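Read off the chains here:
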Amino acid sequence: MHTKSQKLGENAFLADPKLKKSFTGGRIGSVSHICISSFNCYQSRKNFTPYKTTHHIIALGGQFTGIFVKQINITRYMTGLAFAILLGLYFLLFPCKGLGVIISPRDGTKLTFVPGSSRNITWTFDDAKAAYRDWSFTSSDGLGSGLLGGIVSDFEPQTTTDVLPGVNIIKPGTLALSNVDQNYNGTYTFLLKVNGKPDDTSDVIVFIAIKPTVTTCSSPVTVIEGNDLTCECQGQGGNPAANVTWFKDDIQIGKTGKEEQTLTRRNVSAADSGTYKCVAESYPDAKFKDERLITVVVKLKFKPNETAIRLTPERSVIGESVNITCESSGLPKPRYSIIHNDTEVSSERTYTISKVNWSDAGTYQCTVENELGRNSKYSCLTVVGEKAASKKVDCESSTETVVVWHIVVSLVSGVIIGLFLSHIVSCSRRRWFINRKPGRSSEPKTADIDTTYQELDLTKINTEDNYQSLRVNAASYDAGNRAANDNDSTYTELNKTRDVENNYQSLT
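Residues numbered from 1 in each chain as written. Predicted model: local features only at pLDDT ≥ 70, side-chain atom pairs only at ≥ 80, totals over all residues. Heavy atoms only, no water.

With an unreviewed UniProt entry as reference, the protein is termed B-cell receptor CD22-like, source organism Paramuricea clavata.

Shown next as structure tokens:
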């Protein structure tokens, strides 16, 4: 039952020489049992009950000796060994320069001083072991560098003014700078030598403050609703590099940048309008801070309105040029279209006719459209010939000419058709009347008109013959066309009412 415990007990005993020395009356081989129990473990084999506790009881020769020995914890032992190995590896891979003797200044390793001020830079270290220490300087522009002073062991400090005039050393590790100016910009290095150890150094960078200058967008900044706004602000010339921050209504916007920062607004609305401030600061003092204000104007979108079309000139002469210009307002920027006689002639704001022709006269339409709506406007172009009196075509004539021609054509057509119908009706009625009279010969009338006029040549016949001829001709005519008219009565009446002399005169 206790064989495994016995073996572990023997190994623990053999591994610890202190345990060996505490048992002078027995042999190592006589260890027969290990009682894993509390301190009140009985010294009787019969009452032995093993427990997992923190103590061992070692017995020799089968009898408990009553000597209590502290347990050897294998887990704790291995953990300690691993920690020691890791610590050794750390110092091997990352050796501590100077073994951490120098402690950097509490104010930090980057310090900013105001011009004309006096400031101290203090390092701390174990001065009891210091064999030598010194301070050196390297200017930020690289034009000046050198040793400022040093201390050997515990002797008094020795300084030099060859590099910087206002420098003093205060034991044990303080460098005092007086009445600093831009020449003091640079890196200050503290060197410590300790016997038997590597040299240790610590650097501190010093800035002599200079006010920055802010440059940013021109004000005001106009942006259309829904678009993005970006405006870059730079703080240039500051020492150290200025912190640049944007504000609106004294509330910081975004993060702080070094020497520059960009203001960004996405999908702007009316709420983004207002005054913004860019602040550049190289040192927390009003003397070393610059700022600029810009005004942001957000233009709200609206459909086109106030549309107009302008003709230059409105009265154009054949062969000359004319400009047709559309004008309108709207956001976003509208699209333009110029239309003449239902045909688009231009998609730009301005349409130029280099040589005007008669066909260019008429009405022009300007149509303006954006995503919110559209609007239109009309104007008339009048075209005249080289002389105004010669010919003129304007909007009224160009539009009324078609109507007039329609009216003229309609009237002429109506007259022609009316005359044609009247002729047909007249002919029909005449034929009908002729056909109704009995005994009417259908043969065409034949009258010897030429003979009548020959017989009336009164210069060749006498008076009596003339009357006779008239009577004969009248009788002949009556016999040939009695129903047509009553010419015999006419001739008879003429014979009765006129004397010979008057008759000659009338006929002449």
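Draft legend 1. Seen up close, the pattern of salt bridges. The full count for this structure, using the stated rule, is eight salt bridges. Here R292 and D290 are joined by a salt bridge, their closest N and O atoms 3.2 Å apart. Given the relative accessible area of 11%, D290 is considered buried. One salt bridge in this structure joins R310 and E327, with 2.9 Å as the shortest N-O distance. Note that R310 is positioned in strand β21 (residues 302-312) and E327 in strand β23 (residues 322-331), a separation of 17 residues in sequence. On the basis of relative accessible area, R310 is assigned to the partly exposed category, the value being 40%. Given the relative accessible area of 30%, E327 is considered partly exposed. (Salt bridge = Lys/Arg side-chain N within 4 Å of Asp/Glu carboxyl O. Buried < 20%, exposed > 50% of the residue type's maximum accessible area, 1.4 Å probe, protein only. Helix = DSSP H or I, 4+ residues; strand = E, 2+ residues; numbered from the N terminus.)

Draft legend 2. A look at the packing of aromatic side chains. Tallying each qualifying case throughout the model produces five aromatic pairs. Relative to F190, the ring of F125 lies with its centre 5.7 Å away and its plane at 45 degrees, an arrangement referred to as tilted. Here F125, found in the loop between β5 (119-122) and β6 (130-139), pairs with F190, found in strand β11 (residues 186-194); they are 65 residues apart in sequence, far enough to count as distant. One exposure class covers both F125 and F190, and it is buried. Among the aromatic residues, those joined into a ring-pair cluster are W123, F125, W135 and F190. Seen from the ring of F247, K277 lies directly overhead, with NZ or CZ sitting 5.9 Å from the centre. Above the face of the Y336 ring, R349 is positioned so that its terminal group lies 5.5 Å from the ring centre. (Phe/Tyr/Trp six-rings, centres within 6.5 Å; stacked < 30°, edge-to-face > 60°. Lys NZ or Arg CZ within 6 Å of the ring centre and 35° of its normal.)

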